[in-house]
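Close look at the chain arrangement
Residues per chain, in single letters:
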Amino acid sequence: VQLQASGGGLVQTGGSLRLSCAASGSTFSRYALGWFRRAPGKEREFVAAVSRTGLSTHYGDSAKARFTISREDSKNTVYLQMNSLKPEDTAVYYCVADPSSLAGGNLFRIRWNYWGQGTQVTVSS
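First, a word on what this report is: a plain description of the structure on this page. Computed from a predicted structure; not experimentally measured.

**Concerning the state of the cysteines**
Per the stated rule, a full pass over the model turns up 1 disulfide. The residue that forms a disulfide with Cys21 is Cys95, at a sulfur-sulfur distance of 2.0 Å. When the S-S torsion is 55 degrees, as for the bridge of Cys21 with Cys95, the disulfide is right-handed. Taken as a pair, Cys21 in strand E3 (residues 17-24) and Cys95 in strand E9 (residues 91-98) lie far apart in primary sequence, 74 residues in all. In this structure, Cys21 and Cys95 share a single accessibility class: buried.

If you want it as structure tokens, here you go:
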């Protein structure tokens, strides 16, 4: 499966962005989907994931209560709605996919096989 992320940009503190990731090349509904990010000088960080069925999600600590992941299988797209953005959210955001059947809190355990190219999010203070 090929992944193409978009929607990044420059936003002020407290603002919102919605990232999108379009998938192609395989049956979209067979994949769990997620988002990671990497900030300058920091390790890659898990942000959020949604199960194959779309019935369960899991968030990293930095994303809880502010970000929402969702999927729209009819459009082969996964979204990350980011609200109340902070300067520390500045990073390159990557979408990921894997044919794992894990769900709920186990989404964090997935070893993601497919990665998109990333989209830059910059939050100004």
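Moving on from the coordinates now.
**Details of the packing of aromatic side chains**
All told, the structure shown has 5 aromatic pairs when counted by the stated rule. For the pair Phe36 and Trp115, a centre-to-centre distance of 5.0 Å together with 45 degrees between the ring planes defines the contact as tilted. Here Trp115 lies in strand E10 (residues 114-115) and Phe36 lies in strand E4 (residues 32-38), a separation of 79 residues in the sequence. Here Phe36 falls in the buried class, since its relative accessible area comes to 10%. The partly exposed category is assigned to Trp115, whose relative accessible area is 32%. Ring centres of Tyr94 and Trp115 lie 6.4 Å apart, and the angle between their planes is 65 degrees; this geometry places the pair in the edge-to-face category. One end of the pair, Tyr94, is in strand E9; the other, Trp115, is in strand E10, with 21 residues separating them in the sequence. Here the aromatic cluster, defined as three or more aromatic residues joined through ring pairs, consists of Phe36, Phe46, Tyr94, Phe108 and Trp115. Arg44 extends its terminal NZ or CZ atom over the ring of Phe36, reaching a point 5.6 Å from the ring centre.

What counts and what doesn't
Residues numbered from 1 in each chain as written. Predicted model: local features only at pLDDT ≥ 70, side-chain atom pairs only at ≥ 80, totals over all residues. Heavy atoms only, no water. Disulfide = S-S within 2.5 Å. Helix = DSSP H or I, 4+ residues; strand = E, 2+ residues; numbered from the N terminus. Buried < 20%, exposed > 50% of the residue type's maximum accessible area, 1.4 Å probe, protein only. Phe/Tyr/Trp six-rings, centres within 6.5 Å; stacked < 30°, edge-to-face > 60°. Lys NZ or Arg CZ within 6 Å of the ring centre and 35° of its normal.

Functional significance is not addressed by these values, which are geometric in nature.
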